[in-house]
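Letter by letter, the chains look like this.
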Amino acid sequence: MASEMVRAAVQTGPLAYEIREFPRPRIGDDDGLLRVEACGVCGSDVEQYRGHLVSEGMFPLIPGHEPLGVIEEVGDRAAERWGVAPGDRVAVEILRPCRACDFCLTGRYMSCPNRDGAYGMTPLSREPGLWGGFAEYLYLHPWAILHKIDPTLAPELAVMFNPLGAGVRWAAQLGEVGLGDTVLILGPGQRGLTSVIAARACGAGTIIVTGLGKDEKKLALAREFGADHTVNVEEEDVVKRVTEITGGAMADVVLELTPIAEQPIADAIEAVRHSGRIVFAGLKGGKRIEIVTDRLINKGVTIKGAYGVNAESYIEAIRIIESGRFPLERMHSAKFELADTEAAIQDLGDGQAIHVCVCPDGETDSPAPPTGTAQQREREVVDVG
Ligand SMILES: [Zn+2]
Ligand SMILES: [Zn+2]
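As the structure is a prediction and not an experimental result, all values here were calculated from the model. (Residues numbered from 1 in each chain as written. Chains lettered and ligands numbered in written order. Predicted model: local features only at pLDDT ≥ 70, side-chain atom pairs only at ≥ 80, totals over all residues. Heavy atoms only, no water.)

**A look at the coordination of the zinc ion (ligand 1)**
Right, on to step 1. Bound to the zinc ion (ligand 1) on the protein side are Cys98 (SG), Cys101 (SG), Cys104 (SG) and Cys112 (SG), at distances that span 2.3 to 2.4 Å.
Right, on to step 2. Given 4 donor atoms and angles of 105 to 115° at the metal, the environment of the zinc ion (ligand 1) is assigned as tetrahedral.
Right, on to step 3. What makes Cys101 buried here is its relative accessible area of 12%.
Right, on to step 4. Taking the relative accessible area as the measure of exposure, Cys112 reaches 3% and is therefore buried. (Donors = N, O, S within 2.8 Å, 3.2 Å for Na, K, Ca; no water. Tetrahedral: all angles 85-135°; square planar, octahedral: opposite > 155°, others 65-115°. Buried < 20%, exposed > 50% of the residue type's maximum accessible area, 1.4 Å probe, protein only.)

**Some details on the sheet that holds strand 13 (residues 302-305)**
Right, on to step 1. Strand order in the open sheet formed by 6 strands is 10-9-8-11-12-13, with parallel pairing between adjacent strands. Both edges of this open sheet fall to strand 10 (229-232) and strand 13, since each of them pairs with a single strand only. When strand polarity is set aside, the average angle formed by the axes of neighbouring strands in this sheet is 15°.
Right, on to step 2. Alignment of strand 8 (residues 182-186) against strand 9 (residues 206-211), held across 5 bridges, turns out to be parallel. Each residue of the ladder has a partner; that of Leu186, found in strand 9, is Thr210.
Right, on to step 3. Along the sheet, helix 5 (residues 161-174) contacts strand 11 (251-256), strand 12 (272-280) and strand 13; its crossing angle with strand 13, the most-contacted strand, is approximately 155°.
Right, on to step 4. Packed on one face of the sheet, helix 9 (residues 263-271) meets strand 8, strand 11 and strand 12 and runs near 150° to strand 12. (Pairing = 2+ DSSP bridges. Helix = DSSP H or I, 4+ residues; strand = E, 2+ residues; numbered from the N terminus. Axes fitted to C-alpha atoms, helices over the stretch in contact; angles between N-to-C directions. Contact = heavy atoms within 4.5 Å.)

**Focus on the packing of aromatic side chains**
Right, on to step 1. Scanning the model with the defined rule gives 4 aromatic pairs in all.
Right, on to step 2. A ring pair is formed by Tyr17 and Tyr49, whose centres lie 5.9 Å apart and whose planes are at 40°; its orientation type is tilted. Remark: Tyr49 occurs in helix 1 (residues 43-49) and Tyr17 occurs in strand 2 (residues 16-23); sequence separation between them is 32 residues. We note that Tyr17, like Tyr49, is buried.
Right, on to step 3. Considering the side-chain rings of Tyr119 and Trp131, the 6.3 Å spacing of their centres and the 40° angle between planes classify their relative orientation as tilted. Placement of the pair is Tyr119 in the loop between helix 3 (102-105) and strand 6 (137-140) and Trp131 in the loop between helix 3 and strand 6, with a sequence separation of 12 residues. (Phe/Tyr/Trp six-rings, centres within 6.5 Å; stacked < 30°, edge-to-face > 60°.)

**Structural notes on helix 11 (residues 311-323)**
Right, on to step 1. End to end, helix 11 covers 18 Å across 13 residues, agreeing with the expected 18 Å (1.5 Å per residue, within 8%).
Right, on to step 2. Those residues of helix 11 not exposed but buried are Ala311, Ser313, Tyr314, Ala317, Ile318, Ile320 and Ile321.
Right, on to step 3. If you follow the buried residues of helix 11, they end up packed against strand 5 (89-92), strand 7 (146-148), helix 4 (155-158), helix 5 and helix 6 (190-201).
Right, on to step 4. Gly324 occupies a position one or two residues after helix 11 and carries a positive phi of about 70°. (Expected span 1.5 Å × (residues − 1).)

**Describing the packing of helix 5 against helix 6**
Right, on to step 1. Packing of helix 5 against helix 6 leaves a shortest axis separation of 7 Å and a crossing angle of 60°. The orientation of helix 5 relative to helix 6 falls into the category oblique. Judged by the sense of rotation from one axis to the other, the crossing of helix 5 with helix 6 is right-handed. Across from Asn162, Pro163, Leu164, Ala166, Gly167, Val168, Trp170 and Ala171 in helix 5, the residues of helix 6 making contact are Gln190, Arg191, Thr194, Ser195, Ile197, Ala198 and Ala199.
Right, on to step 2. When the residues that make up the contact of helix 5 with helix 6 are grouped by side-chain class, the tally is 9 nonpolar, 5 polar and 1 charged. (Parallel < 35°, antiparallel > 145°, perpendicular 65-115°, else oblique. Left-handed = near helix turned anticlockwise from the far one by under 90°. Nonpolar A, V, L, I, M, F, W, Y, C, P; charged D, E, K, R; others polar.)

**Focus on the pattern of salt bridges**
Right, on to step 1. Per the counting criterion, the structure on display carries 27 salt bridges.
Right, on to step 2. The partner of Asp29 in a salt bridge is Arg77, with the nearest N and O atoms 3.7 Å apart. Of this pair, Asp29 sits in the loop between strand 2 and strand 3 (32-41) while Arg77 is found in helix 2 (residues 76-82), placing the two residues 48 residues apart along the sequence.
Right, on to step 3. Here Asp88 makes a salt bridge to Lys148, at a shortest N to O gap of 3.7 Å. (Salt bridge = Lys/Arg side-chain N within 4 Å of Asp/Glu carboxyl O.)

**A few points about the confidence of the model for the protein**
Right, on to step 1. Here the protein averages 93 in pLDDT, while 93% of its residues score no lower than 70.
Right, on to step 2. Low pLDDT (under 50) marks residues 366-385, which in the prediction has 50 contacts with non-local residues, meaning those over four places away or in another chain. (pLDDT = per-residue confidence, 0-100.)

**Some points on the pairing of strand 10**
Right, on to step 1. Of the pairings in the sheet, the one linking strand 9 to strand 10 comprises 4 bridges and is parallel in character. Counterpart to Ile208 in the pairing with strand 10 is His229.
Right, on to step 2. Taken together, strand 9, helix 7 (residues 216-224) and strand 10 constitute a β-α-β crossover, and its handedness is right-handed. (Right-handed = clockwise from strand over helix to strand, strands pointing away.)

**Section: the pairing of strand 4 (residues 67-74)**
Right, on to step 1. Among the 8 residues of strand 4, 6 are classified as buried, and the element is accordingly described as predominantly covered.
Right, on to step 2. Relative to strand 4, strand 3 runs antiparallel, the two being bridged by 7 bridges. In the sheet register, Leu33 faces strand 4, and the bridge partner there is Glu73.

The following block contains the structure:
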């Protein structure tokens, strides 16, 4: 029987973390408890660590919104509803939607106005406090969304359901990448790379990925995952390269995934073909950016904003991981134990790591300690899932 106390990494404010213990919650008919095996660290964890994204009043809270684990305890009604039993491995979605409003009933549960908050962003003051994946156990609220996943996979690979879910959402669902399409992916971060995988899985013809000089390793990985061309935007003009590569036909689909930068917005509009599709997923920190709307009209472009990831994308992502078709382990940079959660977030924030996770059961590989100040650290792609 597990201990009566649960250890968790608590963020008490900007740049402030501590390990605390919580009483193990009592589980009823409709809820459950997850023993966390791994929780992915993402760009929004870095932003939250730095005090952006979450208002001061939300602290203290347990961050971590990409949890993977094993059902430790589950109520009878919940077990039936979720189709799980103790011992099953599941991925947990970030949102807890109501399942009853018009949005939920029409498959747009990410917009649910009644939702019970989000994992990793719910304050401790809300009972039972265990609302984040950087903890030994996660409380499974009755509205939690779970997806079963192969228990034989290494936890650091299985937990990639989250970034790969984003790639599937952006490339396959929103970008509607089809057989033979030319896909331009602006930004080679974790989710740029998973977008390459998703585009490949969709049968894309030509995949082009852009990055900066310092992204050399990420661009090499993009090629390993199936990108045909990579472009260093500090040395080459993106639109000119796409024109050359496609013989002037340009890209059927453009995924704009870069954080903060403005130039990729203009590049996306110029590099997309007539009646092509652009997916905007790179947040720009609220900046106002000038674009020539006439170009969009005259090219008949479809633009989509990428808010969140849905069940359909997570399910497809899990199937891709389980298939073993892509060498996802090449994307894994480091796993950290619970006590080193802060170091894990700093490691991703440093900008060189691609995929980082926290494994509360203590099984880790030995990552190099993070270097540089918070100010020097590069920003990673910011997301909402
Ligand atoms: Zn709802
Ligand atoms: Zn995330």
